[in-house]
Amino acid sequence: MGGWISSVFSIVAVQPSGRRLNILKSFYVKFERKLPALIDDFCNYYATHQNKTVVFYYDTTALGSNYAVNEQDFRWVIIHEFERHGWTVVDVYLGNPMRHDEKYLLINQGFAGKQRLMPFFNRQNNDDLILAIQAAGVTRGRNGFRKDKGGEKLAETEEDLLEHRTDGTDAFDTLYIGCEKFPQTNNTPNTFDVSGVV
């Protein structure tokens, strides 16, 4: 995960099914609403779900800091909030973030059906995430090309909403990488994979 900023946080819920990665719903909070509110939204939405287990994928960017909530890091807050709501969390550490060129290749091959999992979006529950993915630009940096994150620090406007910027796409990226590279096959059916609280 990357881009942990204080203005917007996102989480994406998926369920792998065979070669499909069903992107069920994406959530975000912004401004004064922080990580606990984001997890509240998820848990309230799925309150009637029988199997209250989530697989939480994260990388080093979720560790060691949390200026948005308290002295605990992002990973701790997310796990604590899910457990506070009665959910079981299987936390899966991905290590350092994947290089941008490798991530781009992996995810684009996934969209083309050339990886183990191909993403399928529930359009009704992912409008903002879909717009953010479609709008994500590419820029060339000192280490080659990368996602253009230049807009993340700008103030929100009616034409440039925070939820349509690259923060939410980072959540999706981390989740796709986790599901593709670190599959949790021992989970029972109807377990949610979540990630990228960005």
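Keep in mind that what you see is a predicted model, and the values were worked out from it rather than measured.

### So, the packing of aromatic side chains
Logical step 1: A full pass over the atoms with the stated rule returns 15 aromatic pairs.
Logical step 2: Relative to Phe74, the ring of Phe9 has its centre 6.3 Å away and its plane inclined at 50°; by these criteria the two rings are tilted. With Phe9 in strand S1 (residues 8–17) and Phe74 in helix H2 (residues 74–84), this pair connects stretches of sequence that are 65 residues apart. Accessibility assignment for this pair places Phe9 and Phe74 in one class, buried.
Logical step 3: Measuring from ring centre to ring centre gives 5.5 Å for Tyr58 and Tyr93, while their planes differ by 40°; the resulting arrangement is tilted. Taken together, the residues Tyr58 in strand S3 (residues 53–58) and Tyr93 in strand S4 (residues 88–93) connect sequence positions 35 residues apart.
Logical step 4: Judged by relative accessible area, Tyr93 falls into the partly exposed class, the value being 41%.
Logical step 5: Within the aromatic cluster, the residues linked to one another by ring pairs are Phe27, Phe42, Tyr45, Tyr46, Phe82 and Trp87.
Logical step 6: Seen from the ring of Phe27, Lys25 lies directly overhead, with NZ or CZ sitting 5.0 Å from the centre.
Logical step 7: It is Lys25 that lies over the ring of Tyr45; its NZ or CZ is 4.8 Å from the centre.

### A few points about the pattern of salt bridges
Logical step 1: Considering all chains together, one arrives at eight salt bridges under this definition.
Logical step 2: The shortest N-O distance in the salt bridge between Arg84 and Asp40 comes to 3.2 Å. Taken together, the positions of Arg84 in helix H2 and Asp40 in helix H1 (residues 35–45) put the pair 44 residues apart, joining distant regions of the chain.
Logical step 3: Given the relative accessible area of 48%, Arg84 is considered partly exposed.
Logical step 4: A salt bridge links Glu180 to Arg116; the shortest N-O distance between them is 4.0 Å. One end of the pair, Glu180, is in helix H5 (residues 166–181); the other, Arg116, is in the loop between helix H3 (100–111) and strand S5 (118–121), and 64 residues separate them in sequence.
Logical step 5: Its relative accessible area of 33% is what places Arg116 among the partly exposed residues.
Logical step 6: A cluster of three or more residues bridged by salt bridges with shared partners is formed by Asp40, Glu81 and Arg84.

Conventions we followed
- Residues numbered from 1 in each chain as written.
- Predicted model: local features only at pLDDT ≥ 70, side-chain atom pairs only at ≥ 80, totals over all residues.
- Heavy atoms only, no water.
- Phe/Tyr/Trp six-rings, centres within 6.5 Å; stacked < 30°, edge-to-face > 60°.
- Helix = DSSP H or I, 4+ residues; strand = E, 2+ residues; numbered from the N terminus.
- Buried < 20%, exposed > 50% of the residue type's maximum accessible area, 1.4 Å probe, protein only.
- Lys NZ or Arg CZ within 6 Å of the ring centre and 35° of its normal.
- Salt bridge = Lys/Arg side-chain N within 4 Å of Asp/Glu carboxyl O.

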